[in-house]
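Each chain, written out:
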Amino acid sequence: MNIDSKIYVAGHRGMVGSAIWRALASKGFRNLIGKTSQELDLRKKEDVAKFFKEERPNVVIDAAARVGGILANNDYPYQFLMENMQIQNNLIDYSLKTDVQKFIFLGSSCIYPKLALQPLKEEYLLTGALEPTNEWYAIAKIAGVKACEAIRKQYGKDYISLMPTNLYGPNDNFDLRTSHVLPAMIRKFHKAKLAGATSSEPVELWGSGSPLREFLYVDDLADAVVFALENQFSDNLYNVGTGNDLTIKELAIMIQRIVGHTGEIKWNSIKPDGTPRKLMDVSKMENAGWKAKIGLEEGIRKTYDWFLANQQSFKEVKI
Ligand SMILES: NC(=O)c1ccc[n+]([C@@H]2O[C@H](COP(=O)([O-])OP(=O)(O)OC[C@H]3O[C@@H](n4cnc5c(N)ncnc54)[C@H](OP(=O)(O)O)[C@@H]3O)[C@@H](O)[C@H]2O)c1
Ligand SMILES: C[C@@H]1O[C@H](OP(=O)(O)OP(=O)(O)OC[C@H]2O[C@@H](n3cnc4c(=O)[nH]c(N)nc43)[C@H](O)[C@@H]2O)[C@@H](O)[C@H](O)[C@@H]1O
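Residues numbered from 1 in each chain as written. Chains lettered and ligands numbered in written order. Predicted model: local features only at pLDDT ≥ 70, side-chain atom pairs only at ≥ 80, totals over all residues. Heavy atoms only, no water.

Let's talk about the overall build of the chain
A tally of regular secondary structure across the chain gives 10 helices and 12 strands. For a compact globule of 319 residues, the expected C-alpha radius of gyration is about 20 Å, and the chain comes in at 19 Å, within 12% of that figure. Oriented by its inertia axes, the alpha-carbon framework of the chain measures out at about 60 × 40 × 35 Å. Counting only residues that meet the buried cut, the chain has 55% of its 319 residues in that class. (Helix = DSSP H or I, 4+ residues; strand = E, 2+ residues; numbered from the N terminus. Rg over C-alpha atoms; globule rule 2.2 N^0.38 Å. Buried < 20%, exposed > 50% of the residue type's maximum accessible area, 1.4 Å probe, protein only.)

If you want it as structure tokens, here you go:
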């Protein structure tokens, strides 16, 4: 991979895509292409075909998708299945058809069975039933993993899939209905802290607080993507995470302390808990030579600082 390789970052404005763009630019890659969804709707096959024929990138990194937290996945199963299949299938198929040499597909830890042994190893894929709240998104992602695996097997191309754990950081989605838990907690605790005159107002969180989650700061993921770009991997599927998790309750207490909220936390058990745990086994990526660097406390502080500095412009994804 040389610094003049033409690299198309699909979804370059998103939380992950913008982090990958920053990481590539800081390493001196100077032939980067990005298109907004208004400029190029990746669900439209003909438009994607035209783009690839004109641009002919050497590398494609797929950070474009319909993305959301547990409620968005549960409320919009059709969009999470169909839009993600359309986006990834068009990107993968036209990459193959225009001889793109390297393709990095981004899946998610939710592709693994709900009750698989923990920590989750790559070989646990397709060994059991999926988590019902996001099985549609998971099936789309599994199809993407398999498409890249088939191209690797049949055409010998360097198409790989990275499975990140739950991600967070600058440019995340802070909409309280469609976001993931960490940005939602930052926004809720911050709002409740400001609302209270003498002490903070109470905060309502979802579920029981008992599920366990692993969180990776998005710049760490971007670093893993650049590592995968610059190295030849021997296999097609790699988990990307920290290898550590904590309960949602412990996360809430950590974020409450960092934000400076002093009120009550209420748990709304009508909202779903989702999968009880999805800790990734990250040894395969570590054996390949990559390890996460940014701890959760540091990552949350960075994200809260970004949130405070972007009060007027943070993203709220509506579906
Ligand atoms: N966030 C997580 O916790 C997490 C965890 C594991 C894996 N991932 C994966 O990481 C990738 C990016 O996630 P993210 O958190 O960065 O999401 P995000 O912030 O919502 O960004 C998604 C991007 O996809 C683009 N996009 C969506 N629909 C499109 C369409 N029809 N045509 C063209 N572009 C479209 C958007 O473009 P515009 O901004 O131009 O509209 C946006 O930039 C996804 O593959 C996701 O599955 C995320
Ligand atoms: C990485 C992503 O993981 C996602 O699963 P998943 O971690 O449960 O998605 P999250 O929405 O992050 O929820 C994680 C846990 O946090 C709880 N939670 C507590 N309060 C809140 C809140 O205010 N907002 C949110 N969003 N959650 C909250 C939620 O009930 C669940 O047990 C998948 O649905 C996606 O498809 C993707 O795979």
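A word on the site of ligand 2
Around ligand 2, the surrounding shell holds 22 residues, and the nearest of these are Ser108, Asn166, Lys188, Pro272 and Asp273. In this structure, Ser108 approaches ligand 2 through a side-chain N or O atom, which is 2.8 Å from an oxygen atom. Residue Ser179 places a main-chain N or O atom 2.9 Å away from a nitrogen atom belonging to ligand 2. Calculation on ligand 2 without its partners gives an accessible area of 700 Å², and the protein chains cover 98% of this total. Those elements that place two or more of their residues in the shell around ligand 2 are α3 (70–75), α6 (181–195) and β7 (203–206). With three residues, α6 is the single largest residue contributor to the shell around ligand 2. Along the lines of polarity and charge, the residues of the shell around ligand 2 split into 10 nonpolar, eight polar and four charged. (Near = heavy atom within 4 Å. Polar contact = N/O pair within 3.5 Å; in protein donor to acceptor, adjacent residues only side chain to side chain. Areas by Shrake-Rupley, 256 points an atom, 1.4 Å probe, with all protein chains shown as cover. Nonpolar A, V, L, I, M, F, W, Y, C, P; charged D, E, K, R; others polar.)

Observations concerning the pattern of salt bridges
This model, assessed by the stated rule, comprises 25 salt bridges. A salt bridge links Lys97 to Asp93; the nearest nitrogen and oxygen atoms lie 2.3 Å apart. Here Lys97 and its partner Asp93 are both found in helix α4 (residues 77–97), four residues apart, which amounts to about one turn of the helix. The class for Lys97 is exposed, based on a relative accessible area of 54%. Judged by relative accessible area, which is 24%, Asp93 ranks as partly exposed. Two residues, Lys114 and Glu131, come together in a salt bridge whose shortest N-O distance is 3.1 Å. Of this pair, Lys114 sits in the loop between β4 (102–106) and α5 (135–155) while Glu131 sits in the loop between β4 and α5, and the two are 17 residues apart along the sequence. (Salt bridge = Lys/Arg side-chain N within 4 Å of Asp/Glu carboxyl O.)

Focus on the packing of α6 against helix α8 (residues 248–259)
Their axes nearest at 9 Å, the elements α6 and α8 cross at an angle of 45 degrees. Between α6 and α8, the interaxial angle falls into the category oblique. Between α6 and α8 lies a crossing whose hand is right-handed. Taking contact as the criterion, the partners of Val181, Leu182, Met185, Ile186, Phe189, His190 and Lys193 in α6 are, on α8, Ile248, Leu251, Ala252, Ile255, Gln256 and Val259. (Axes fitted to C-alpha atoms, helices over the stretch in contact; angles between N-to-C directions. Parallel < 35°, antiparallel > 145°, perpendicular 65-115°, else oblique. Left-handed = near helix turned anticlockwise from the far one by under 90°. Contact = heavy atoms within 4.5 Å.)

Comments concerning the site of ligand 1
Near ligand 1, the surroundings consist of 26 residues, among which Val16, Ser37, Tyr137, Lys141 and Lys315 are the closest. One of the backbone N or O atoms of Leu42 is found 2.9 Å from a nitrogen atom in ligand 1. In the model, an oxygen atom of ligand 1 is placed 2.9 Å from a nitrogen or oxygen of the Leu167 main chain. When isolated, ligand 1 has an accessible area of 910 Å², and the protein chains bury 90% of it. Where the shell around ligand 1 is concerned, the elements lending two or more residues are α1 (15–26), α5 and β6 (166–168). Each residue belonging to the shell around ligand 1 can be placed in one class, and the counts come to 13 nonpolar, eight polar and five charged.

Some points on α5
With 21 residues, α5 extends 29 Å between its outermost C-alpha atoms, agreeing within 8% with the 30 Å of an ideal straight helix rising 1.5 Å per residue. Residues of α5 that are buried: Tyr137, Ala138, Ala140, Lys141, Ile142, Gly144, Val145, Cys148, Ile151 and Arg152. Tucked inside the fold, the buried residues of α5 contact α3, α4, β4, β5 (158–164) and β10 (237–240). (Expected span 1.5 Å × (residues − 1).)

Concerning the sheet that holds β10
An order of β2-β1-β3-β4-β5-β10 is seen for the six strands of this open sheet, with the pairing classed as parallel. Either end of the sheet is taken by a strand with one partner, and the two such strands are β2 (32–33) and β10. By the bridge criterion, five bridges tie β4 to β5 in an arrangement that is parallel. Counted as the bridge partner of Phe103 is Tyr159 from β5. Packed onto the sheet, α1 meets β1 (7–10), β2, β3 (59–62) and β4 and runs at close to 155 degrees relative to β1. Across the sheet, α5 is in contact with β4, β5 and β10; its angle to β5 comes to roughly 155 degrees. (Pairing = 2+ DSSP bridges.)

Keep in mind these numbers describe shape, not what the thing actually does.
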